[in-house]
Amino acid sequence: MPLALIARDARPLPAEAEYDTIVIMQTIITITHDQTEYTLPCTILRSRRKTCAITIDEDANIVFRVPSRATNRQIMQLAKEKSRWIITHYLEACARKNSRPHSDLSDVQRTALENRYKEAARSYIPRRVAYYHAVTGGSYKRITIRDQKTRWGSCSSKGTLSFSWRLMLAPPAILDYVVVHELCHLTHMNHSPAFWQAVEAVYPDWQNARKWLKEHGCELVL
Ligand SMILES: [Zn+2]
């Protein structure tokens, strides 16, 4: 059976309405890695799909998505074959999860705060874009503010610049890096050496900014 392995999966589990075609089962798999035995809870989703996929999301949930005819034995065999991949990504996800700031906010409080940040982003980010645009050139049509946890900015071929409001939680210099990065995509729609040269001309410290986002991006939550 063809197999896909997906770490940092963002897909939610199917909603209740889809239950008629999907069977959900909780189970435990045991994996030995570096002489340590790990007992990992995981979810098995049986549906009408034809291929298998193992996904591990940001909260370290392990999900096996398999065809309805797949037997438990086949699934366990799959887990065994891919144990190295599973444990590596599981431990990475746990580490990221534990380094996230702990929040005591209620959902209502979080939503209220997020709305304030979004509002602030809608006025602050376009000003930073205008500031750097004078140097980078290129032309854009509009700026949208989104709610994304791992994608900080994007630039569409139609000239839409998008930014995650969560950048408002990062140091201002990091936000500026993302702005410069996306603005440079207006001229270079790729990550070619020419693109990075354009970024560097405006933002010489781009490598550290990029590294910061990789290491601390998961902390940009309320
Ligand atoms: Zn890019």
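In case you missed it, the structure is sitting above this.
Residues numbered from 1 in each chain as written. Predicted model: local features only at pLDDT ≥ 70, side-chain atom pairs only at ≥ 80, totals over all residues.

## Concerning the nonpolar core
Moving on, step 1. Residues Phe163, Leu167, Ile174, Val178 and Val180 are the most contacted members of the largest nonpolar core, which totals 23 residues.
Moving on, step 2. Of all the secondary structure elements, the ones that give two or more residues to this core are α3 (107-136), β8 (160-164), α4 (172-185) and α5 (193-202).
Moving on, step 3. A total of eight residues in this core trace back to one element, the largest contributor, which is α4.
Moving on, step 4. If we skip the residues at most four places from it in the chain, Val180 touches Tyr132, Thr136, Val199, Val202 and Tyr203.
Moving on, step 5. Core analysis: the second largest hydrophobic core is formed by eleven residues, Ile29, Ile54, Phe64 and Ile86 among them. (Core = buried A, V, L, I, M, F, W, Y, C linked by C-beta atoms within 7 Å. Buried ≥ 20, exposed ≤ 12 C-beta atoms within 10 Å, placed from the backbone. Helix = DSSP H or I, 4+ residues; strand = E, 2+ residues; numbered from the N terminus. Contact = placed C-beta atoms within 7 Å.)

## What about the packing of α3 against α4?
Moving on, step 1. As a packed pair, α3 and α4 sit with axes 10 Å apart at the nearest point and diverge in direction by 50°. By the angle class used here, α3 and α4 are oblique. Where α3 crosses over α4, the two elements pack in a sense that is right-handed. Across the interface between the two elements, Arg128, Val129, Tyr132, His133 and Thr136 of α3 pack against Leu175, Asp176, Val179, Val180, Leu183 and Cys184 of α4.
Moving on, step 2. For the contact of α3 with α4, the class distribution of residues is seven nonpolar, two polar and two charged. (Axes fitted to C-alpha atoms, helices over the stretch in contact; angles between N-to-C directions. Parallel < 35°, antiparallel > 145°, perpendicular 65-115°, else oblique. Left-handed = near helix turned anticlockwise from the far one by under 90°. Nonpolar A, V, L, I, M, F, W, Y, C, P; charged D, E, K, R; others polar.)

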